[in-house]
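Structural features, examined
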There are 2 protein chains.
Amino acid sequence: MSATQIDAVTLDGAGPLYDQIRRAIRDLILAGTWPPGTSVPPEHALMEKLGASRMTVHRALAQLAREGLILRRRRSGTVVASPPASHAMLDILSIPEEVGELGQAYSYRILQRRDGKASREVAARFELGRSVNVTHLTLLHFADGAPHVLEDRVIHPTAMPQVADESFAQTPPGDWLLQNSLWTQAEHAISAIAAEPDEAELLKIEAGSPCLLVERRTWNQSEPITAVRLLYPGGRHRFVGRFGPYGAV
Amino acid sequence: MSATQIDAVTLDGAGPLYDQIRRAIRDLILAGTWPPGTSVPPEHALMEKLGASRMTVHRALAQLAREGLILRRRRSGTVVASPPASHAMLDILSIPEEVGELGQAYSYRILQRRDGKASREVAARFELGRSVNVTHLTLLHFADGAPHVLEDRVIHPTAMPQVADESFAQTPPGDWLLQNSLWTQAEHAISAIAAEPDEAELLKIEAGSPCLLVERRTWNQSEPITAVRLLYPGGRHRFVGRFGPYGAV
DNA sequence: TCTTTTTATTTGCATATGCAAATGGAGCTT
DNA sequence: AAGCTCCATTTGCATATGCAAATAAAAAGA
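As the structure is a prediction and not an experimental result, all values here were calculated from the model.

**Some thoughts on the protein's contact with DNA strand C**
As a matter of local geometry, DNA strand C sits amid 25 residues, with Arg54(A), Arg72(A), Leu17(B), Thr56(B) and Arg73(B) nearest to it. A share of 65% is what sugar and phosphate atoms reach among the atoms of DNA strand C within 4 Å of the protein. A distance of 3.2 Å separates a phosphate oxygen of DNA strand C from a polar atom in the side chain of Arg59(B). The contact in question runs from a phosphate oxygen of DNA strand C to an N or O atom on the side chain of Arg73(B), over 2.7 Å. Where the surface near DNA strand C is concerned, the elements lending two or more residues are helix H3 (43–50), helix H4 (54–67), strand S2 (70–73) and strand S3 (77–80) of chain A together with helix H2 (17–30) and helix H4 (54–66) of chain B. Here the element with the most residues in the surface near DNA strand C is H4(B); it accounts for 4 residues.

See the structure below:
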């Protein structure tokens, strides 16, 4: 544990002490100051630095562990956890995984890529300003060689400057973003629409047949990262979630 | 606090003491032994009954409070909370509410009701055994007088014997069930399908146009309560959810 | 060098103690 | 009856203490 790391923990004086400690550490994690894998100072170190008792520090850390932000092991200490990959319902965050879980072989093809100012059409589709620079991608994902889902995505280079040097030849952009970006907010919308002729042709279905449209936008602290439209042929897909009234089970 | 109430709390000896206490009380709540509004014994009473220190009892109760199962107030004590009405994504649990939030006037009409053994068709649609007794209902919900969603539902009288005496003239079955049943498990599935001619006519849309199909089944401790199919005209509806990687925000 | 044993570090759990904050209800005053 | 003050109850927070369990790393042994 370096000095800089423990010095990053500062309290704001608002509310119970254990909660100040909890929030201080949580914020360091969410802001990316302590990326996944970073080791968190041991209880006695925080105790001295913050002038709190060990029980109080323990209470803060135990709660963060319950929330899944940190992992704790006796003797080895505490480390920042990796964000959970899936999240109850609708977390088809990774299409390769999704296809793999169906027991099918995954592949994908980039249909188009364009870097620069969004075209009028793309800007409208993703609710962007006309002068915003984005990377716009269109991809088709296959399961056992058959079209699985059509992906239409914009990535904001402001949040992800590395995107310019990435060809997405090895990893589809969704998975690349999962690995390389930190997000704190996401919004999902699901609707049913009829396939347009060009979309239908790519997905090898009849024009006008029902499709499930999943639109997802993600942010990091209100800075947009990416927005994606995933079009699934209707008959072949359903999204299932199971939970109890007090949270996912 | 009656004697029977505190005597219901029994530990199983497995794992940490605070967690045994937590689970014991949680189970009483989930099983319906302590329905919402029941007052939970004060810390000192549990402390004596269980032979634990107050801090340990407090730890169990504080965690249940964070999980939302109980409400605690100084001096007035602890009571069992009502289950949260909505739950992130997809919790269109109440259609009247859903319509109300759109600022539209709600109404509904029962198209059909049948009590008794499920017909072959209904049994197949809801994956029931042929000899199962159910109440089968078909309803149409309206928003500002226009068809909003088509509901097709079965209710298991085994779990809900009161259903026989309920006409659903005042309250649609979904809301009635929310008020009168306790559920511990739910499963949602969303898919996109083309409207069948009879469905299309009721919803006043074209046959074959895309619809969002939400199927939900609920159980109480593995005993089925109800299963419902909600058919939403595609263009007019989308389900939106917003959350962060560490849980709903 | 490889294996075993020991040691030291770190977290986990439970207790006892003390005080603070909130507040329902009793009792008092007007 | 209405409002006020005071008191008792209950939860909330923080500390200090002690021991237990897990285990990484060091030391000892083969």
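**Brief notes about the interface of chain A and chain B**
When the parts of a complex come together, some accessible area is lost, and that lost area is often used as the size of the interface. At the junction of the two partners, chain A supplies 47 residues and chain B supplies 47 residues. For the pair chain A and chain B, the summed buried surface comes to about 3,900 Å²; carbon and sulfur atoms form 58% of the total. On the chain A side of the interface with chain B, the three residues burying the most area are Phe243(A), Pro245(A) and Tyr246(A), jointly 20% of the side's total. Counting every contact that joins chain A to chain B gives 0 salt bridges. In this assembly, chain A and chain B are joined by 2 residue pairs in polar contact (both at pLDDT 80 or more). For the side of chain A that touches chain B, the elements supplying multiple residues, two or more each, are helix H2 (17–30), H4, strand S7 (185–194), strand S8 (210–220), strand S10 (238–244) and strand S11 (247–248) of chain A. No other element matches the 10 residues that S7(A) contributes to the side of chain A that touches chain B.

**Section: the UniProt feature "domain: HTH gntR-type" (unreviewed entry) in chain A**
Per the UniProt annotation, the sites labelled "domain: HTH gntR-type" (unreviewed entry) are residues 15–83 of chain A. Across residues 15–83 of chain A, the secondary structure splits into 52% helix and 14% strand, with the terminal C-alpha atoms separated by 27 Å.

**Considering the sheet that holds strand S3 (residues 77–80) of chain B**
Residues and elements named next belong to chain B. In spatial order, the strands read S1-S3-S2; together these 3 strands make up an open sheet with antiparallel pairing. Across the chains shown, the open sheet's two edge strands, defined by having one partner strand only, are strand S1 (39–40) and strand S2 (70–73). Note that S2 and S3 share 4 bridges and pair antiparallel. Each residue of the ladder has a partner; that of Ile 70, found in S3, is Val 80. H4 rests against S1 and S2 of the sheet, and its axis sits at about 115 degrees to S2.

Procedures and definitions
Residues numbered from 1 in each chain as written. Chains lettered and ligands numbered in written order. Predicted model: local features only at pLDDT ≥ 70, side-chain atom pairs only at ≥ 80, totals over all residues. Heavy atoms only, no water. Near = heavy atom within 4 Å. Polar contact = N/O pair within 3.5 Å; in protein donor to acceptor, adjacent residues only side chain to side chain. Helix = DSSP H or I, 4+ residues; strand = E, 2+ residues; numbered from the N terminus. Contact = heavy atoms within 4.5 Å. Buried area = accessible area lost by both parts, 1.4 Å probe. Salt bridge = Lys/Arg side-chain N within 4 Å of Asp/Glu carboxyl O. UniProt positions renumbered as here; feature names shortened; annotations may be inferred. Pairing = 2+ DSSP bridges. Axes fitted to C-alpha atoms, helices over the stretch in contact; angles between N-to-C directions.

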